[in-house]
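Observations on chain architecture
Listed below, chain by chain, are the residues.
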Amino acid sequence: MSDYPNTSHELGWDDEITNDSSYVLLEEGDYQFTVTAFERARFPGSVKIPPCNKAVLTLSVECPGGPASVKYDLILYSTMEWKLSEFFRAIGQKKHGEPLRPRWNEVVGSRGRGHFKPRTYTKKDGSEGKANDVEKFYDYDPAAMTAGGDWTDAGNVSTPWDSEAF
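All of these numbers come straight from a predicted model, not from anything done at the bench. (Residues numbered from 1 in each chain as written. Predicted model: local features only at pLDDT ≥ 70, side-chain atom pairs only at ≥ 80, totals over all residues. Heavy atoms only, no water.)

Considerations on the overall build of the chain
Counting its regular elements, the chain contains one helix and five strands. N-terminal to C-terminal, the α/β element order of the chain is β-β-β-α-β-β. Across the chain, the fraction of contacts at a sequence separation of at least 24, relative to all contacts at a separation of at least 6, is 55%. Working note: accessible area of the chain is about 10900 Å², and carbon and sulfur atoms make up 49% of it. (Helix = DSSP H or I, 4+ residues; strand = E, 2+ residues; numbered from the N terminus. Contact = heavy atoms within 4.5 Å. Areas by Shrake-Rupley, 256 points an atom, 1.4 Å probe, with all protein chains shown as cover.)

What follows is the structure in structure tokens.
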């Protein structure tokens with residue numbers, strides 16, 4: 001299985017290029033997402049968490065400015081278990097109060113909802129940058145994922161959700 005989204009591909013030296021920018025910064029709000037990539041990696045460690053495994057997820061969010069891509073790390077460490085549970089409840093693999101052995105091979109293609117907001121960070125050159133971030137995942141709700149549901153409440157945007165098009 002490839003760790004890269006289906007639309008990504010290597011470019012040849014003589015290929016024509018047309019995409020000027022594909023980065024879309026989301027307004028803060030609730031959005032539906034689809035997991036488009038999953039990669040097993042290592043967390044290098046921090047003051048509070050030693051080096052350990054992590055899952056690097058790529059989430060695709062459809063929004064008025066075009067699809068937004070959000071990278072999200074799930075750190076596989078006991079103090080972060082609540083975040084793992086929150087994510088797996090969001091994609092419908094886990095239920096409250098029930099143990100789960102994650103089915104990582106089913107993560108790509110999973111859909112869910114979350115609260116997204118821009119995060120400000122300092123770039124290597126010292127300038128300020130902004131990135132999309134997930135503040136919270138919501139428990140999976142099939143009714144919220146069906147046609148006719150609103151896919152976002154950001155900026156009072158109300159667009160019908162087309163489950164066939166996603």
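Considering the sheet that holds strand β4 (residues 111-122)
A sheet is described by the order of its strands in space; here five strands give the open sequence β3-β2-β1-β4-β5, paired in antiparallel fashion. Either end of the sheet is taken by a strand with one partner, and the two such strands are β3 (68-75) and β5 (128-138). Between one strand axis and the next, the sheet turns by 40° as a mean value, whatever way the strands run. Of the strand pairs in this sheet, strand β2 (residues 52-61) and β3 are connected by eight bridges, and their pairing is antiparallel. If you follow S60 over to β3, its bridge partner there is S69. (Pairing = 2+ DSSP bridges. Axes fitted to C-alpha atoms, helices over the stretch in contact; angles between N-to-C directions.)

Observations regarding the packing of aromatic side chains
According to the stated counting rule, one finds eight aromatic pairs in the structure shown. Here the aromatic rings of F33 and F137 are separated by 5.5 Å at their centres, their planes lie at 65°, and the arrangement is edge-to-face. Residue F33 is located in strand β1 (residues 29-43), and its partner F137 is located in strand β5; the two are separated by 104 residues in the primary sequence. Of the two residues examined, F33 and F137, each falls in the buried class. Between F87 and F137, the ring centres sit 5.4 Å apart and the planes meet at 70°, which makes this aromatic pair edge-to-face. Of this pair, F87 sits in helix α1 (residues 81-90) while F137 sits in strand β5; the two residues are 50 residues apart in sequence, bridging distant segments of the chain. On the basis of relative accessible area, F87 is assigned to the buried category, the value being 0%. An aromatic cluster of three or more residues is present, and its members are Y31, F33, F38, Y72, F87, F88, W104, F116 and F137. (Phe/Tyr/Trp six-rings, centres within 6.5 Å; stacked < 30°, edge-to-face > 60°. Buried < 20%, exposed > 50% of the residue type's maximum accessible area, 1.4 Å probe, protein only.)

With respect to the environment of V56
When you line up the elements, V56 lands in strand β2. Owing to a relative accessible area of 12%, V56 belongs among the buried residues under this scheme. Between the C-alpha atom of V56 and that of A37, which follows or precedes it by 19 residues, the distance is 8.0 Å. In this structure V56 touches A37, F38, E39, A41, K71, Y72 and D73, once residues within four positions along its chain are discounted.

Quick look at the pairing of β4
The side chains of a regular strand alternate between both faces of the sheet. When β1 meets β4, the two strands line up antiparallel, connected through six bridges. Bridge assignment links D30 to a residue of β4, and that residue is H115. Summarising the sheet, β4 and β5 pair through 10 bridges and their orientation is antiparallel. Of the residues in β5, the one forming a bridge with R113 is Y138. Once β4 ends, the chain turns through five residues before running back antiparallel as β5, passing G126 with a positive phi of about 95°.

Looking at the environment of P44
Counting through the fold element by element, P44 comes out in the loop between β1 and β2. For P44, a relative accessible area of 66% translates into the label exposed. When the C-alpha atoms of P44 and K54 are compared, they prove to be 9.5 Å apart, with 10 residues separating the residues in sequence.

Digging into α1
Taken across its 10 residues, α1 has seven buried, putting it largely inside the fold. Where α1 is concerned, the buried positions are L84, S85, E86, F87, F88, R89 and A90. G92, located one to two residues past α1, shows a positive phi value of around 85°.

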